[in-house]
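# Secondary and tertiary structure notes
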2 protein chains.
Amino acid sequence: MAEKSYFSHEVEPQDVDFTLRAKAPSLIMAALNAAGRDAHVKGFGVDELGTENRTWVLARMAIELDRRPLQYTPYRVETWISGYNRALSTRNFRLLDENGEAFARIVSQWAMLDIERRTSVDLSLLAAAHDRFVVDAPSPIDPPCRLRPLAGEAAVTEEHRVRYGDIDFNRHVNTIRYIEMIFDCLPVEALAADRPFRFDIHFLHESTLGETLRIVCEEQPEGFGFEIAAGEHVCVRASVRWK
Amino acid sequence: MAEKSYFSHEVEPQDVDFTLRAKAPSLIMAALNAAGRDAHVKGFGVDELGTENRTWVLARMAIELDRRPLQYTPYRVETWISGYNRALSTRNFRLLDENGEAFARIVSQWAMLDIERRTSVDLSLLAAAHDRFVVDAPSPIDPPCRLRPLAGEAAVTEEHRVRYGDIDFNRHVNTIRYIEMIFDCLPVEALAADRPFRFDIHFLHESTLGETLRIVCEEQPEGFGFEIAAGEHVCVRASVRWK
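### Details of the overall build of chain A
- When its secondary structure is counted, chain A shows five helices and 11 strands.
- The C-alpha atoms of chain A give a radius of gyration of 18 Å, which matches the 18 Å a tight globule of 243 residues would have.
- Each principal axis of the C-alpha atoms in chain A carries an extent, and together these give about 50 × 45 × 30 Å.
- Here chain A holds 243 residues, and the buried ones make up 39% of them.
- Taking contacts inside chain A between residues at least 6 apart in sequence as the whole, the part at least 24 apart equals 71%.

So, in structure tokens, the structure goes:
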């Protein structure tokens, strides 16, 4: 049975907002980088899978964030895989302060993509490789919740043309850019107040260089709902719920 | 007499573009972070100056970039102050690969701002403190060059509304965001080719949350010229010259 992995970080100047606290997207980025490193070290990262024309694709994620650390504060990312089914592998994270106390908890669900066929790989076929990496510890929060289409009321729409700095090695908009677009729509006062929240996000469709994204932000009873669309396709659906 | 300072880095996933090489703005960000750390360690950083209502403001910068390292490549930032006059302090950088060979050279010029009065501080008044930090080594490239207003021919204009993720602790658009906006305007093929270039940038005026920036990109004989304006003010002027 595998063990949890740990990665050390520090809040860098580029991570903070005007309150000098780490932006939520920066904390999520640190977690996703830890995922990449952990998969790489354990031999089932994108590098290794690339040779077989397969890659991991983030399908859904949920984060519960209690507080955001100040610039230059050290913290650790704890990460582990808790299980998988045919479609999705579940990777968990806790962000730990210097006393080992968790200030953020994340559950992420990943599909494996066959790059040439553009289809999902049945993860049960990889059981022999996958089982070695499963840690016997449950997810720290409820898995990503169901997100319904927006009602379209009290909604504000922004546009963003996909540019060089937005895309990943596949020339698709990268995960963190979508998350930054969403947090850019939230009221600045709420972000400044460092209010605890739960954030759920689903990645439904790719968008590519030169496309124009429509970012719709809808006020809802307990927070905000979001859709990011390119042409006919909803690429991302998300919600922020204040606690 | 002071010594040069060194800071270790590694190209992280968020630093790379679709070629898996570090984006130029990420390399510049690593240099600017090293400047912040070095000033902090030596006791004349923004933290210490803040108690006297003073802060360093980047006025001009030039970078010559030969090649961009791949993801997960370690490199070092070498930085030193080479001198100052009444208005500007000159800080230099070289980015060094694992063999100690420089792949980028940067000269930056900083003014000191009195935050309440919104005026520059005469640096000759700080000579006693400043002199201790000057290193007896020249700048590695020519200082930031003169940049004339754009002719306005063959120009393309983009718009960008300043959002939460764009601003620094002063609620002004941060340096790196301006640089990202400029690189987002360059032809993707030129960036993909990892072509060596010189980049000059002048910071002329602040822009703040909610303002709409106009980013003008003009093709010129040896590269591109840029202006970023908010309302009546030109905030940034820049040029990229291929080598």
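Moving on from the model shown.
### Here's the deal with the relation of the copies chain A and chain B
- For the pair chain A and chain B, the best superposition has an RMSD of 0.0 Å and corresponds to a rotation of 180 degrees with a translation of 0.0 Å parallel to the axis. What the rotation and shift describe, once combined, is the action of a two-fold rotation axis. Rotation axis and chain A: the residue whose C-alpha lies nearest the axis is histidine 160 of chain A, separated from it by 4.4 Å.
- The share of interface residues of chain A whose copies in chain B are also at the interface is 100%, consistent with both copies meeting through the same surface.

### Some points on the domain arrangement of chain A
All names here are of chain A.
- According to the domain assignment, chain A consists of domain 1 (5–131) and domain 2 (155–242).
- Of note, the centres of domain 1 and domain 2, computed from C-alpha atoms alone, are 19 Å apart.
- On the domain 2 side, the residues contacting the 20 residues of domain 1 number 16 residues.
- Counting residues per element, the ones that place at least two in the side of domain 1 that touches domain 2 are helix 1 (24–42) and strand 2 (54–65).
- Among the elements that make up the side of domain 1 that touches domain 2, the one with the highest residue count is strand 2 (eight residues).
- Class assignment of the residues belonging to the side of domain 1 that touches domain 2 gives a composition of 11 nonpolar, one polar and eight charged.

### Let's talk about the nonpolar core
- Ala31 and Ile228 of chain A together with Ala31 and Ile228 of chain B are the most contacted members of the largest nonpolar core, which has 99 residues in total.
- The contacts of isoleucine 228 of chain A, once residues within four sequence positions are left out, are Tyr178, Met181, Leu213, Ile215, Cys235 and Val236 of chain A.

### Things to note about the interface of chain A and chain B
- Each partner contributes to the interface: chain A provides 24 residues, whereas chain B provides 24 residues.
- Within the residue set of the side of chain A that touches chain B, elements represented by two or more residues are helix 1, helix 4 (175–183) and helix 5 (188–192) of chain A.
- Counted by class, the side of chain A that touches chain B contains 12 nonpolar, four polar and eight charged residues.

### Quick word on helix 1 of chain A
- Compared with the 27 Å implied by 1.5 Å per residue over 19 residues, the 27 Å span of helix 1 of chain A between its first and last C-alpha is a close match.
- Within two residues after helix 1 of chain A, glycine 43 of chain A carries a phi angle of roughly 85 degrees, on the positive side.

### Here we look at the pairing of strand 9 (residues 212–220) of chain B
All names here are of chain B.
- Direction of pairing for strand 7 (residues 155–161) relative to strand 9: antiparallel, over a ladder of seven bridges. For arginine 161, the partnering residue across the bridge sits in strand 9 and is threonine 212.
- Alignment of strand 9 against strand 10 (residues 223–230), held across eight bridges, turns out to be antiparallel. Paired with arginine 214 across the strands is alanine 229, a residue of strand 10.
- Where strand 9 folds back onto strand 10 in an antiparallel hairpin, the turn is made up of two residues.

Reading the values: the criteria
- Residue numbers run consecutively from 1 along every chain, following the written order of its sequence.
- Numbering of ligands from 1 and lettering of chains from A proceed in the order in which they are written.
- Local features in a predicted model are, by the rule used here, given only for residues with pLDDT of at least 70; side-chain atom pairs are given and counted only at 80 or more, and totals for whole chains, interfaces and linings are based on all residues.
- Runs of H or I in DSSP of at least four residues are treated as helices and runs of E of at least two as strands, each being numbered from the N terminus.
- Only C-alpha atoms enter the radius of gyration; for comparison, a globular chain is expected to reach 2.2 Å times N to the power 0.38, where N is the number of residues.
- Exposure classes come from backbone-placed C-beta atoms, where a residue is buried if 20 or more other C-beta atoms lie within 10 Å of its own, exposed if 12 or fewer do, and partly exposed in between.
- Throughout, a residue-residue contact means that the two C-beta atoms, derived from backbone geometry, are no farther apart than 7 Å.
- We superpose the copies by least squares over the C-alpha atoms of residues that have a pLDDT of at least 70 in both of them.
- Residue ranges assigned to the domains are those given by an automatic or database domain assignment.
- Each residue gets one label: Ala, Val, Leu, Ile, Met, Phe, Trp, Tyr, Cys and Pro are nonpolar, Asp, Glu, Lys and Arg are charged, and the others, such as Gly, are polar.
- Linking buried Ala, Val, Leu, Ile, Met, Phe, Trp, Tyr and Cys residues through C-beta atoms within 7 Å yields a set, and such a set is a nonpolar core.
- One less than the number of residues in a helix, times 1.5 Å, gives the span that helix is expected to have.
- Paired strands are those between which DSSP finds at least two bridges.

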